[in-house]
Amino acid sequence: MKNDPSGARRPAYFSFPNTLVYRGPDFVPSAQEPLAYRYYDKKRVVLGKTMEEQLRFAVCYWHSFGWGGTDPFGEPSFRRPWHAAGDPMAQAELKADVAFDLFRLVDAPFFTFHDRDIAPEGATLAESNAQVRRIGDVFARKMQETGVRLLWGTANLFSNRRYMAGAATNPDPEVFMYAAAQVKNVLELTHELGGANYVLWGGREGYETLLNTDLKRELAQLGRFLNLVVEHKHKIGFKGQILIEPKPAEPTKHQYDYDVGTVYGFLKAHGLEKEVKVNLEQNHALLAGHTFEHEIALAGALGIFGSLDMNRGDEMLGWDTDQFPNNLPQVALTMYEVLKAGGIGQGGLNFDAKLRRQSIDPDDLVWAHATAMDLCARALLVAERMLNDGALPRHLQERYAGWDSASGRAILQGQRSLDELAREVEARKLEPQPRSGQQERLEHLVNSYF
Ligand code: XUL
Ligand code: CO
């Protein structure tokens, strides 16, 4: 049992009585303590920052507390108490109580939410926004009590049928206006709760068929919408990052925020490349035909790396399965690219991951988050070794050393014309000598860091 601030008591939802702690790699589970961190030692310093600061873990509200365990063929399997019939706002408060229990139990420093995850939709937008604000007040109190912070907020512009043809990219400007009003509310709430970022994922910003779609208009609408969000951010003094979350498809057949390269081109076209960054998700990268590392490295190279949604896909399934990460080599390479891109900064590692539908015990939520956090911490330690050992960075430096020579620099700085380059090749009878890329040696080397 646990006290809540109203003085009422409710049964504990999870069986774990205390916050999980770090016990080291040799930890042996027991009936009294079945679960502890083996690698996530939050105060341990890794490359100049604590693990807590390098990883900035967040629990997401939608999969863990909103979603009931449906699939296209099956009814909700979880049957959480707040999904039962009852006063929707009282249920939303119960959900918030349990959510903060989980944040505290796994010692996650952050959480993330959509407006529609946290409070029921009302009869009008004003009513819906007010209900979101009421739960926002509950959050403010709980954040104060627990020290848990908000990694990002976002507006759900895809579930309600009004958004079936898109939000900003809808053929009807009134839908655009409605979406703008919804984003204004969540952006302001995110700001008031001290959120570090604000995310826009355009699940319905795309099309099913060009036969009913004016693609050129829709892209212009999306650009205008994003500019409005950035203008409002500055107007209210929000210091967080505005992040777009790329995904090529699902639910829409073709989504405009396809991948990092596409988003960058879009930002440039609308003068927003210095204002907006990306929130990258493993399973979205896979759907776009990329590795997660590719998307992180490209965003880092373009100066728009913002934050991560951690999950994994299934090699056999071509959709967004949103599973909890559990593949050490994959996550280690991810963390290596994050460190190479300058670290997670104001972003974080948000578990945009959901339990499998058969994991119906409340404690499954604790196990899923804690084991994923421990895996990421372990991956960070591997990535630290990859950097500190220096062999990989040295290999890169040597491979490109020619570009650091006077001649290489002159080309890059625009001091040599095509004519001059051609003359020099002829004069020196240049015949470049191919060198091995040594991929197998490098892959072997990476394995030695585990
Ligand atoms: C959908 C997805 C979203 C965003 C937030 O695939 O990843 O949950 O993270 O809207
Ligand atoms: Co996501």
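Not measured: the values here are computed from a predicted model. (Residues numbered from 1 in each chain as written. Chains lettered and ligands numbered in written order. Predicted model: local features only at pLDDT ≥ 70, side-chain atom pairs only at ≥ 80, totals over all residues. Heavy atoms only, no water.)

Okay, the UniProt feature "binding site: Mg(2+) 2" (unreviewed entry) in the chain next. Mapped onto this numbering, the UniProt entry gives "binding site: Mg(2+) 2" (unreviewed entry) at Glu281, His284, Asp320 and Asp322. A compact arrangement is adopted by the annotated residues: their sequence extent is 42 residues, whereas the largest C-alpha distance between any two is 10.1 Å. Mapped onto the elements of the fold, Glu281 is located in strand E12 (residues 276–281). Among residues more than four places away in sequence, those in contact with Glu281 are Glu245, Phe292, Asp309, Asn311, Asp320, Asp322 and Asp352. (UniProt positions renumbered as here; feature names shortened; annotations may be inferred. Helix = DSSP H or I, 4+ residues; strand = E, 2+ residues; numbered from the N terminus. Contact = heavy atoms within 4.5 Å.)

Let us look at the site of ligand 1. Neighbouring residues of ligand 1: Trp62, His114, Trp152, Trp201, Glu245, Lys247, Glu281, His284, Asp309, Asp320 and Asp352. At a separation of 2.7 Å, an oxygen atom of ligand 1 approaches a polar side-chain atom of Glu245. The separation between an oxygen atom of ligand 1 and a polar side-chain atom of Glu281 is 2.8 Å. Contact with the protein chains covers 94% of the free accessible surface of ligand 1, which is 290 Å². (Near = heavy atom within 4 Å. Polar contact = N/O pair within 3.5 Å; in protein donor to acceptor, adjacent residues only side chain to side chain. Areas by Shrake-Rupley, 256 points an atom, 1.4 Å probe, with all protein chains shown as cover.)

Time to look at the packing of helix H8 (residues 260–269) against helix H10 (residues 292–302). Each pair of packed helices gets described by two things: the angle between the helix axes and the distance between those axes. The interhelical angle for the contact between H8 and H10, taken along N-to-C directions, is 25°, at an axis separation of 9 Å. In terms of orientation, H8 and H10 fall into the roughly parallel class. Residues Val260, Gly261 and Tyr264 of H8 form the contact with H10, whose participating residues are Glu295, Leu298, Ala299 and Leu302. Taken together, the residues of the contact of H8 with H10 break down into five nonpolar, one polar and one charged. (Axes fitted to C-alpha atoms, helices over the stretch in contact; angles between N-to-C directions. Parallel < 35°, antiparallel > 145°, perpendicular 65-115°, else oblique. Nonpolar A, V, L, I, M, F, W, Y, C, P; charged D, E, K, R; others polar.)

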